[in-house]
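The lines below spell out each chain.
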Amino acid sequence: MAEKNVTMDKIVNLCKSRGFVFPGSDIYGGFANTWDFGPVGVELENNIKKAWWKRFVQESPNTYGVDASILMNPRVWEASGHVASFGDPKMDCKSCKQRFRADTLIETYGKGDVIPDCMTNEEMEVYIEENNIRCPHCGNKTWTNIRKFNPMFTTSRGTLEAEADKVYLRPETCQGEYVNFLNVQRTARAKLPFAIAQIGKSFRNEITPGNFLFRTIEFEQMELQMFCKDEDSVQIYNSYKEKAWNFAKDIGLSEDKLRFHDHDKLAHYAKAACDIQYNFPIGWQELNGVHHRGTWDCSRHQEYSGKSMLYTDPVTNEKVLPTVIEYSIGVGRLTLATLCEAYEEETLENGETRVVMHFNPAIAPYKVAVLPLQKNLSEKAEEVYAKLAKEFMCDYDLAGSIGKRYRRQDEIGTPFCVTVDFDTLENDTVTIRDRDSMEQIRLPISKLVAYISEKVKF
Ligand code: ATP
């Protein structure tokens, strides 16, 4: 009998005990909302990134990859609007963890009898309390106090911590694509529509609860910016909604745990925005975003850099400022979704229980484990290991009963276990056990690579 029974605590514990993810700076008691990927987790994460890149760059015509600097010219963050929003008075809803600008709440839901810009934080808190202003998201009135909130981490360049030397750790990777639009267009001889894609770290001074990998202060984003003409933009936006859904499904997330969530409230420049949400153990939450950003990004960078961002159509000679469609997903957040999805507790026919991680084999951390039945078979087993390790991440485990070794591989989601026994010495065959069905078949060693390769493709 198989039951999911998944909770965030179980996932966190499994991750710690099996080497997926450890608390950041663990021996110092951790560091809030930071996590380190361990030997098993880093493989999972890398496989997810490889699958994303394969789908959205390798197999997508007119998509070009970049790897831009984390530290960018500070003017970039003026153009993006991040510098201007520094120090906004923010308050969090303690019930649903959404964060709001206190002044916007008063402007939108107040009686119109005050000007929030002229109020102190204390006055705004009293106004919100007395006028019974509730969370627009969940309807509760469980506000934190107002905090001046700085969403970007800063550091300084050079030796002086002077204002002029201040630089920011990027809070989003997409600016790296915008500033390279002209470079990529020229060198790739790209024609609209084309996309620039990137996988890289972003940093946000998040103060709302992290929920493990869901929200961290340092995280990786896999995202692309599609530059297009406005007349094509709605069709492209819709196609990325579909592509994002299919990727989430193909990586292994079940469709009954995915849903689209169209935004009602849009940024002033946006034409449309939609998240795909996943039903995490903490409820339905954003997994990725697809945004129609209009010409905002190109026009802002044109204004702030003084460089023309106009694209000249090679056929019509028409000059257009590109519209941008963005698709962005966090590596850690998707990794968390795949962990929650894969987790299952199973009671076996003999009454024993096992925890098994049913990852899509393409993203499973290890593809295969080689397990000699006894120590004196290790020479032959090492030979098999060396052969497989040239092709796949391959584990080798000699310690403990075979049952315990299978359980360990089930818990890290290894799709295949190869057992070397005494028959192997006679006829060069091994047993290969399937993680999900636990069925075993016997195969010649010479056929192992082809057998496994076929089943771990993305
Ligand atoms: P949220 O509303 O959850 O804070 P967001 O709307 O600010 O997310 P975007 O700026 O659109 O998110 O970022 C794109 C994607 O990056 C998100 O869909 C999510 O997968 C991921 N992401 C954003 N912030 C974080 C974070 N602090 N930790 C982990 N992943 C994140």
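Residues numbered from 1 in each chain as written. Predicted model: local features only at pLDDT ≥ 70, side-chain atom pairs only at ≥ 80, totals over all residues. Heavy atoms only, no water.

Draft legend 1. Layout of the site of the ligand. Inspection of the region around the ligand gives 16 residues, with R204, E206, R215, E286 and L287 positioned closest. Between the ligand and R204 there is a distance of 2.8 Å, counted from an oxygen atom to a side-chain nitrogen or oxygen. Contact between the ligand and E286: an oxygen atom at 2.6 Å from a side-chain N or O atom of the residue. Relative to its unbound accessible area of 590 Å², the ligand is 81% covered by the protein chains. Listed by contribution, the elements that provide at least two residues to the shell around the ligand are β11 (218-228), β14 (283-292) and β17 (323-330). The element that contributes the greatest number of residues to the shell around the ligand is β14, accounting for five residues. Looking at the shell around the ligand, its residues break down into four nonpolar, seven polar and five charged. (Near = heavy atom within 4 Å. Polar contact = N/O pair within 3.5 Å; in protein donor to acceptor, adjacent residues only side chain to side chain. Areas by Shrake-Rupley, 256 points an atom, 1.4 Å probe, with all protein chains shown as cover. Helix = DSSP H or I, 4+ residues; strand = E, 2+ residues; numbered from the N terminus. Nonpolar A, V, L, I, M, F, W, Y, C, P; charged D, E, K, R; others polar.)

Draft legend 2. Main features of the nonpolar core. By size, the foremost hydrophobic cluster in this structure holds 58 residues, and its most contacted members are F20, W52, Y240, L287 and Y327. Element by element, the count of residues in this core is highest for helix α8 (residues 230-251), at eight residues. Not counting residues within four places of it along the chain, the set of residues in contact with Y327 comprises W52, F56, M222, E223, L224, Y240, A244, F247, N288, G289 and V290. In terms of nonpolar packing, the next biggest core, distinct from the first, is built from 18 residues, V368, A381, L443 and I452 among them. (Core = buried A, V, L, I, M, F, W, Y, C linked by side-chain atoms within 4.5 Å. Buried < 20%, exposed > 50% of the residue type's maximum accessible area, 1.4 Å probe, protein only. Contact = heavy atoms within 4.5 Å.)

Draft legend 3. Looking closely at the state of the cysteines. Per the stated rule, a full pass over the model turns up zero disulfides. Free cysteine: C15, not disulfide-bonded; nearest cysteine sulfur from C340 at 8.6 Å. We note that C274 lacks a disulfide partner, and the nearest cysteine sulfur, in C228, lies 17 Å from it. Take C274: its relative accessible area is 0%, and that puts it in the buried class. (Disulfide = S-S within 2.5 Å.)

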